[in-house]
Amino acid sequence: PLIHVLNGPNLNLLGQRQPEVYGRETLADVEALCRAVAAPHAIRFLQSNWEGQIVDWIHEARHEAAGIVINPAALTHTSVAVLDALNAFEGPVIEVHLSQVHKREAFRHHSYVSMRADGVIAGLGPEGYAAAIRRIAALIGEEPE
Ligand code: DQA
């Protein structure tokens with residue numbers, strides 16, 4: 001089954017944006033890691049700076065994905081729309097943050113998405129995506145190799 005990996009605003013700048021916080025690896029590097037870990041499962045790896053696009057992709061996941069890995073980025077802390085969309089999705093959802101959000105500003109400590117997520121990973125960098133994909137694969141009952 002297909003696994004969706006969704007990335008929110010500004011993550012297209014990964015590797016260039018605040019590397020002391022988010023590291024030097026690019027989103028393309030994260031995608032390559034996800035594809036390697038997910039095999040033989042296919043993944044759909046997507047990024048948008050637009051909240052409505054993320055909502056639309058979650059709706060598409062209702063018909064085509066068995067599980068969702070999502071780094072909602074700043075939408076984590078603001079978006080009831082993303083939470084509501086995830087609540088309309090029936091499969092497992094794992095929330096990932098590259099940085100350890102709880103060590104950072106207070107406004108990053110609350111996550112709307114955590115009210116829906118089956119697991120939350122923060123502070124492991126790109127490895128958090130790999131762990132999230134392994135967990136989704138376990139939850140959908142087909143362990144990747
Ligand atoms: C982030 C943490 C968010 O607080 C922030 O707005 C991001 C990225 C992370 O991966 O650490 O853009 O989700």
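Preceding this paragraph is the structure being described.
Please read these numbers as outputs of a predicted model, since none were measured by experiment.

Chemist: Mind laying out the sheet that holds strand 5 (residues 119-122), listing which residues take part and the relevant values?
Modeler: Here five strands make up an open sheet; going across it, the order is 2-1-3-4-5 and the pairing parallel. Only two strands of the sheet have a single neighbouring strand rather than two, namely strand 2 (43-47) and strand 5. Taken over all neighbouring pairs, the strand axes of this sheet differ in orientation by 15 degrees on average, direction set aside. Relative to strand 5, strand 4 (residues 93-97) runs parallel, the two being bridged by four bridges. Opposite Glu95, over in strand 5, you have Val120 as the bridge partner. Docked against the sheet, helix 3 (residues 51-64) engages strand 1 (3-7), strand 2 and strand 3 (67-71), running at close to 175 degrees with respect to strand 1.

Chemist: If you had to explain unusual backbone geometry to someone new, which residues and values would you point to?
Modeler: Here the residue pair Ala39 and Pro40 is connected by a cis peptide bond, since its omega of 10 degrees sits within 30 degrees of zero. Considering the arrangement of structural elements, one finds Pro40 in the loop between helix 2 (27-38) and strand 2. Notably, Asn10 is not glycine yet its phi reads approximately 75 degrees, a positive angle. With respect to the element layout, Asn10 can be found in the loop between strand 1 and helix 1 (19-22). Although it is not a glycine, Gln18 adopts a positive phi angle of roughly 35 degrees.

Chemist: Could you give an account of helix 2, with specific residues and numbers?
Modeler: Taking 1.5 Å as the rise per residue, helix 2 with twelve residues should run 16 Å; its terminal C-alpha atoms sit 16 Å apart, in good agreement. In this structure, the buried residues of helix 2 make contact with strand 1, strand 2 and helix 5 (127-139).

Chemist: Go over the site of the ligand, please, and point to the residues and values.
Modeler: If you check the shell around the ligand, you find Asn10, Asn71, Ala73, Ala74, Thr76, His97, Leu98, Ser99, Val101 and Arg108 and nothing else. Across the shell around the ligand, the residue classes tally to four nonpolar, five polar and one charged.

Calculation rules
- Residues numbered from 1 in each chain as written.
- Predicted model: local features only at pLDDT ≥ 70, side-chain atom pairs only at ≥ 80, totals over all residues.
- Pairing = 2+ DSSP bridges.
- Helix = DSSP H or I, 4+ residues; strand = E, 2+ residues; numbered from the N terminus.
- Axes fitted to C-alpha atoms, helices over the stretch in contact; angles between N-to-C directions.
- Contact = placed C-beta atoms within 7 Å.
- Expected span 1.5 Å × (residues − 1).
- Near = placed C-beta within 6 Å.
- Nonpolar A, V, L, I, M, F, W, Y, C, P; charged D, E, K, R; others polar.

Any link to function would need more than the numbers given here.
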